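Structural characterization, general
Read off the chains here:
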Amino acid sequence: MTLTEQEKQSLIDLANEARRRAYAPYSHYAVGAALRTKSGRLYTGVNVENAAYPTTICAERVAVFKAVSEGEHEFEVIAVVTDNGGSPCGSCRQVLAEFGLDTLVLIADGRGRLIKQTSVKELLPEAFTPKDLKI
Ligand code: THU
């Protein structure tokens, strides 16, 4: 799978647009994600915070769960945008790992600049995945 620079940028832009809809009244740290499946479908996500703080969910997991709830399990790439180009949290890495270690991860800042291009495998070495449950 090779993504053109233009394809990467449009996924980042989509995540950055979604970021405007982040519900982050507590942290004020808005996160947007855009996930492209192998079938070419696009799912966005934003962080949704809660007055009961730990109930908050991250943008990446919203995007993944939206995709899975529509029957999509095979992901190609996810773009994650924050003001400062922050990296996906451990829980999001684990959720992404469930659906494949080769998913590309594009980390960008609020100006839409690609800060880092990596993969789930790189972000979560020695991941615990479904294959570990098979005897
Ligand atoms: N957050 C995400 O949406 N994704 C991450 O990978 C890191 C953290 C959100 C959760 C919370 O709403 C805010 O950023 C601050 O932690």
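The structure presented is a predicted model; accordingly, all values stated were derived computationally and were not measured.

1. Focus: the state of the cysteines
Scanning the model with the defined rule gives zero disulfides in all. Left without a disulfide partner, Cys89 is nearest to the cysteine sulfur of Cys92, which lies 3.7 Å away. Given the relative accessible area of 29%, Cys89 is considered partly exposed. For Cys92, a relative accessible area of 1% puts it in the buried group.

2. Section: the sheet that holds strand 5 (residues 114-119)
Sheets are built from strands paired through backbone hydrogen bonds, the pairs being either parallel or antiparallel. With mixed pairing, five strands are arranged side by side in an open sheet as 2-1-3-4-5. With one partner strand each, in any of the chains shown, strand 2 (42-46) and strand 5 form the two edges of the open sheet. In this sheet, adjacent strand axes meet at a mean angle of 15° when their direction is disregarded. Strand direction decides the pairing type here: strand 1 (residues 32-37) and strand 3 (residues 75-81), joined by six bridges, are antiparallel.

3. Quick look at the nonpolar core
Leu35, Val64, Ile78 and Val105 are the most contacted members of the largest nonpolar core, which has 20 residues in total. Elements that contribute at least two residues to this core include exactly strand 1, helix 2 (59-69), strand 3, helix 3 (90-98), strand 4 (104-108) and helix 4 (120-123). Residues contacting Ile78, with those up to four places away along its chain left out, are Leu11, Ala33, Ala34, Leu35, Glu60, Leu96, Thr103, Leu104, Val105 and Leu106. Counting 11 residues, the second-largest nonpolar core is a separate cluster that includes Ile12, Ala34, Val81 and Leu104.

Procedures and definitions
- Residues numbered from 1 in each chain as written.
- Predicted model: local features only at pLDDT ≥ 70, side-chain atom pairs only at ≥ 80, totals over all residues.
- Heavy atoms only, no water.
- Disulfide = S-S within 2.5 Å.
- Buried < 20%, exposed > 50% of the residue type's maximum accessible area, 1.4 Å probe, protein only.
- Pairing = 2+ DSSP bridges.
- Helix = DSSP H or I, 4+ residues; strand = E, 2+ residues; numbered from the N terminus.
- Axes fitted to C-alpha atoms, helices over the stretch in contact; angles between N-to-C directions.
- Core = buried A, V, L, I, M, F, W, Y, C linked by side-chain atoms within 4.5 Å.
- Contact = heavy atoms within 4.5 Å.

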